[in-house]
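Given next are the chains, with one letter for each unit.
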Amino acid sequence: MSVEIELVGSFAEEEQCVRAVSALKRGGIAFRVFSPIPSEHLLHAIGKKLSPVRAFVLMGGITGVLTGIAVTVGTSWEWNLVVGGKPVVSIPPFIIIIFELMILFGGLSAALSFFLFAGLPQLDPIPGYSERFGADRFGIAVACSETDSPKIESLMREAGAEDVVHEDPSAKVLISH
């Protein structure tokens, strides 16, 4: 029975990290990528789809518009105000309330769906993450067996990894090779 370890590769350039991701995907190896910047190239190499957050924002905005219409029209009909011959339901003053509720519901749905789909808050540390991946380095973490580690390490080094670290997930000990 082989021991499960975590290989963490560090890359200085985005292109090197993209090459490593492509090589790992061709090999059918599961991995996690850490990036200090938003990167379209990495998202494309990983094969990530567009975020569903935008659909939730649209639905929140539509809900806000419908709520604004219901509140303003419903209030006008419920309270029998003397309007002096003008229409009880008058659109121009309602536009402000409708707009504000659209923005409010859209913004709240954006924030909530962002947290939902991002898996936040992340209370436990992510295995393989290093502080340098948030500053100036790209990183790839691969959970694999001891027997597969030489093959995966060579894939990362061929792609341009500066450093490949073996991490024991149970002991949290880093072994540099």
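Everything here concerns the structure above.
Residues numbered from 1 in each chain as written. Predicted model: local features only at pLDDT ≥ 70, side-chain atom pairs only at ≥ 80, totals over all residues. Heavy atoms only, no water.

Asker: A description of the pattern of salt bridges should follow, citing residues and the corresponding values.
Answerer: As enumerated under the stated definition, the model contains four salt bridges in all. Between Arg137 and Glu162 there is a salt bridge whose closest N-O contact spans 2.8 Å. Within this pair, whereas Arg137 is found in the loop between α4 (91–118) and β3 (138–145), its partner Glu162 is found in the loop between α5 (149–159) and β4 (163–168), the two being separated by 25 residues in sequence. Looking at Glu162, the relative accessible area reads 43%, which means it is partly exposed. Here Arg157 ties to Glu153 by a salt bridge, and the two come within 3.3 Å at their closest N and O atoms. In this pair, Arg157 and Glu153 are both assigned in helix α5, four residues apart and thus about one turn of the helix distant. A relative accessible area of 33% means that Arg157 is categorised as partly exposed. One salt-bridge network, held together by shared partners, links Asp136, Arg137 and Glu162. (Salt bridge = Lys/Arg side-chain N within 4 Å of Asp/Glu carboxyl O. Helix = DSSP H or I, 4+ residues; strand = E, 2+ residues; numbered from the N terminus. Buried < 20%, exposed > 50% of the residue type's maximum accessible area, 1.4 Å probe, protein only.)

Asker: Describe in detail the environment of Ser35, supporting the description with residues and values.
Answerer: Within the secondary structure layout, Ser35 lies in the loop between β2 (32–34) and α2 (40–46). Between the alpha carbons of Ser35 and Gly68 there is a distance of 41 Å; along the sequence they are 33 residues apart. Excluding residues within four positions of it along the chain, Ser35 makes contact with Leu42, Phe133 and Phe138. A polar contact is formed between the side chain of Ser35 and the backbone oxygen of Ile37, at a distance of 2.6 Å. (Contact = heavy atoms within 4.5 Å. Polar contact = N/O pair within 3.5 Å; in protein donor to acceptor, adjacent residues only side chain to side chain.)

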